[in-house]
Amino acid sequence: AAQRGLRFGERGLGLGEVPGIRVGRCDGAEHQRHARYFVALGDRLSEGAERSARALDALALERENLYAVFQWGVAGGEGQVARRLQALRAVLALDPLLALRGPFGAHLLMLDAALDKACDADPLTVARGHEARAKARQARWRLAESAEDCQQVLALAREHDAPALEGRAHFCLGAGLRLMG
């Protein structure tokens with residue numbers, strides 16, 4: 001696919017302006033390099049973004065790039081675990097933006113698709129995906145499904161000794177149970 005519409009980095013350079021990047025069709029290695037760059041940038045920008053309008057604005061500037069990583073990643077087939085993991089990481093980077101500014105309909109669909117594809121990827125990243133989906137489902141009053149995601153997060157967090165993740169899952173589960181009455 002043509003890459004002309006992608007911006008590169010926080011300065012908004014076009015791909016044709018960045019040394020070493022070809023405009024036009026990319027090979028697999030170039031897609032992987034772009035995915036790694038934009039996911040790392042998205043990770044940095046999403047850190048604390050739910051508490052900062054400025055951080056959300058910066059993340060919004062990279063929305064299309066992270067969408068491109070997501071689409072490329074979910075198109076990965078069997079044996080392309082790293083590619084599918086990039087799709088999940090792109091959605092997790094976008095999560096604060098999608099949760100607070102939308103598009104709200106796409107939010108859960110993207111989380112579902114990324115989790116379906118990345119089930120065999122890094123377990124703690126998968127757990128973070130379930131955590132994000134639990135919160136998104138809770139916000140839409142899909143409380144039973146949210147509780148299922150929380151239970152998956154708890155199991156993965158315990159199995160991989162991630163107490164902070166386990167604590168967040170307990171909090172999310174408790175909030176959902178309180179909403180259920």
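Above this note sits the structure.
Residue numbering note: each chain is counted from 1, following its sequence as written. Local features in this predicted model are restricted to residues whose pLDDT is 70 or higher, and side-chain atom pairs enter the listing and the counts only when it is 80 or higher, whereas totals over whole chains, interfaces and linings include all residues. Side-chain metrics rest on all non-hydrogen atoms present in the structure, leaving aside hydrogens and water.

### Topic: the environment of Asp-57
So, step 1. With respect to the element layout, Asp-57 can be found in helix α2 (residues 53-61).
So, step 2. On the basis of relative accessibility, which here comes to 41%, the residue Asp-57 falls in the partly exposed class.
So, step 3. Here the alpha-carbon distance between Asp-57 and Leu-97, two residues 40 residues apart in the chain, equals 8.6 Å. The helix count covers DSSP runs of H or I at least four residues long, the strand count covers runs of E at least two residues long, and both are numbered beginning at the N terminus. Three exposure classes are used, based on accessible area relative to the maximum for each residue type with a 1.4 Å probe and protein chains only: buried under 20%, partly exposed in between, and exposed over 50%.

### Focus: the packing of helix α7 (residues 143-159) against helix α8 (residues 163-180)
Between two packed helices, both the angle of their axes relative to each other and the distance between the axes serve to describe the pair.
So, step 1. Note on definitions: angles span 0 to 180 degrees between N-to-C directions of axes, and those axes are lines fitted to C-alpha atoms, for helices only across the stretch in contact. At a minimum axis separation of 9 Å, α7 and α8 run at an interaxial angle of 160°. By the angle between their directions, the pair α7 and α8 is classed as roughly antiparallel. Of the two possible hands of crossing, α7 and α8 adopt the one that is left-handed. For the pair formed by α7 and α8, the contact residues are Leu-143, Ala-144, Ser-146, Ala-147, Cys-150, Gln-151, Val-153, Leu-154, Ala-157 and Arg-158 on the first element and Leu-165, Glu-166, Ala-169, His-170, Cys-172, Leu-173, Gly-176, Leu-179 and Met-180 on the second.
So, step 2. Under the grouping applied here, Gly and all other residues not named as nonpolar or charged are polar, the nonpolar ones being Ala, Val, Leu, Ile, Met, Phe, Trp, Tyr, Cys and Pro and the charged ones Asp, Glu, Lys and Arg. Classifying every residue of the contact of α7 with α8 by side-chain character gives 13 nonpolar, four polar and two charged. Under this scheme an angle from 65 to 115 degrees is roughly perpendicular, one under 35 degrees roughly parallel, and one over 145 degrees roughly antiparallel; angles in between are oblique. For any pair of crossing helices, the crossing counts as left-handed if the nearer helix is rotated counterclockwise from the farther one by less than a right angle, and right-handed if it is rotated clockwise. By definition, residues are in contact when any of their heavy atoms lie within 4.5 Å.

### Section: the side chain of Arg-83
So, step 1. Residue placement: Arg-83 occurs in helix α4 (residues 81-101).
So, step 2. Beyond its immediate stretch of four places on either side in the chain, Arg-83 contacts Gln-32, Trp-72, Gly-73, Ala-75 and Gly-76.

### Some remarks on the environment of Ala-162
So, step 1. Inspection of the secondary structure assignment puts Ala-162 in the loop between α7 and α8.
So, step 2. Separated by 38 residues in the primary sequence, Ala-162 and Leu-124 have C-alpha atoms spaced 8.1 Å apart.
So, step 3. Among residues more than four places away in sequence, those in contact with Ala-162 are Leu-124 and Ala-157.

### Here's the deal with the nonpolar core
So, step 1. For this analysis, a nonpolar core means a set of buried residues of the types Ala, Val, Leu, Ile, Met, Phe, Trp, Tyr and Cys, connected via side-chain atoms within 4.5 Å. Membership of the largest hydrophobic core comes to 48 residues, with the highest contact counts inside it found for Leu-66, Phe-70, Leu-88, Leu-94 and Met-110.
So, step 2. Of all the secondary structure elements, the ones that give two or more residues to this core are α1 (28-46), α2, α3 (63-74), α4, α5 (104-117), α6 (123-139), α7 and α8.
So, step 3. The element contributing the most residues to this core is α4, with ten residues.
So, step 4. Excluding its chain neighbours within four sequence positions, the residues that come into contact with Leu-94 are Leu-59, Arg-63, Leu-66, Tyr-67 and Met-110.

### A closer look at the pattern of salt bridges
So, step 1. Salt bridge, as used here: a side-chain nitrogen of Lys or Arg that lies within 4 Å of a carboxyl oxygen of Asp or Glu. A complete count under the given rule lists eleven salt bridges for this structure.
So, step 2. Arg-168 is the partner of Glu-131 in a salt bridge, and the nearest nitrogen-oxygen pair spans 2.7 Å. Taken together, the residues span a long stretch of sequence, with Glu-131 in helix α6 and Arg-168 in helix α8 at a distance of 37 residues.
So, step 3. Here Glu-131 falls in the buried class, since its relative accessible area comes to 8%.
So, step 4. A salt bridge links Arg-142 to Glu-145; its shortest N-O distance comes to 2.6 Å.
So, step 5. The exposure class assigned to Glu-145 is partly exposed, which follows from its relative accessible area of 28%.
So, step 6. One continuous salt-bridge network, built from bridges that share partners, spans Asp-112, Arg-133, Arg-137 and Asp-149.

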